[in-house]
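# Residue-level structural notes
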Amino acid sequence: MTPAARLRGLRPDWLSDPRVWRTEVLAGLVVALALIPEAISFSIIAGVDPAVGLFASFTMAVVISVVGGRRAMISAATGAVALVIAPLNREHGMGHLIAAVILAGVIQIVLGALGVAKLMRFVPRSVMVGFVNALAILIFMAQVPEMHDVPWAVYPLIIGGLALMVFFPKVTKVIPPRSSPSSS
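Keep in mind that what you see is a predicted model, and the values were worked out from it rather than measured. Residue indices follow the written sequence of each chain, beginning from 1 at its first position. Confidence filtering applies because this is a predicted model: local features only for residues at pLDDT of at least 70, side-chain atom pairs given and counted only at 80 or more, and all residues used for totals across whole chains, interfaces and linings. Excluding hydrogens and water, the side-chain figures rest on all heavy atoms present in the structure.

## Some words on the overall build of the protein chain
- For the protein chain, the helix and strand inventory stands at 7 helices and 0 strands.
- For the purposes of this entry, the term helix denotes a DSSP run of H or I that reaches at least four residues, the term strand denotes a run of E that reaches at least two, and both are numbered from the N terminus. Seen in sequence order, the protein chain has helices and strands lined up from the N terminus as α-α-α-α-α-α-α.
- A burial count over the protein chain gives 11% of its 184 residues as buried.
- By definition, residues are in contact when any of their heavy atoms lie within 4.5 Å. Taking as baseline every contact in the protein chain between residues at least 6 positions apart, the subset at least 24 positions apart corresponds to 51%.
- Accessibility throughout is a Shrake-Rupley quantity obtained with a 1.4 Å probe, and a residue counts as covered only by protein chains that appear here. Summed over all atoms, the accessible surface of the protein chain reaches about 14400 Å², with 73% contributed by carbon and sulfur. The classification of residues rests on relative accessible area computed with a 1.4 Å probe and restricted to protein chains. Under 20% of the type maximum is buried, over 50% is exposed, and intermediate values are partly exposed.

What follows is the structure in structure tokens.
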């Protein structure tokens, strides 16, 4: 088989299904609109220059789009990482931060190759929900100091953002997509 024929065989299935196409385009828009403020805010939490966070997030997004991803795969900056690396960056500097991120990537590759992900089925749902809720509280608390001494227009934006997160899912289930209880 020629290399060109092999590349034609790699055509994704979603190109022929309009419903999947719509979902993919909406997901891409959400990522595009969320990536910049997310990268900047997590950079501030981690104590690095926002340009570093933007470059890192862009690099991750491009790599995942080229090598492929999976459903529910996190391929951008995360609050958990930002919270953990903030003290490392503050105490040891950018060199240690880069080394720790590379080491974490190597460990993830090794764990993936060993098939450790199969053990996740033994973690109860209540533990995962508790972890995510605690992480949300920690991220919120890390952003509270940034809400002091800002222009008055910031406060209505905060309230509007919180209202959007709470009430928009009651209007439509398209953004953010809700998984059915049977799929979790």
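This is not the end of the story, as more comes after the structure.
## Digging into the packing of helix H2 (residues 18-46) against helix H3 (residues 50-67)
- Lines fitted to C-alpha atoms define the axes, with helix axes restricted to the stretch in contact, and inter-axis angles between N-to-C directions lie between 0 and 180 degrees. The geometry of H2 relative to H3 is characterised by a closest axis approach of 8 Å and an angle of 130° between their N-to-C directions. Our classification of the angle between H2 and H3 gives oblique. Crossing handedness for the pair H2 and H3: right-handed. Of the residues in H3, those touching H2 at Leu35, Ile36, Ala39, Ile40 and Ser43 are Pro50, Gly53, Leu54, Ser57 and Ala61. Should an angle fall under 35 degrees it is taken as roughly parallel, and over 145 as roughly antiparallel, whereas 65 to 115 is taken as roughly perpendicular and any remaining angle as oblique. Crossing handedness: left-handed means the near helix sits turned counterclockwise from the far one by under a right angle, and right-handed means the same turn made clockwise.

Functional significance is not addressed by these values, which are geometric in nature.
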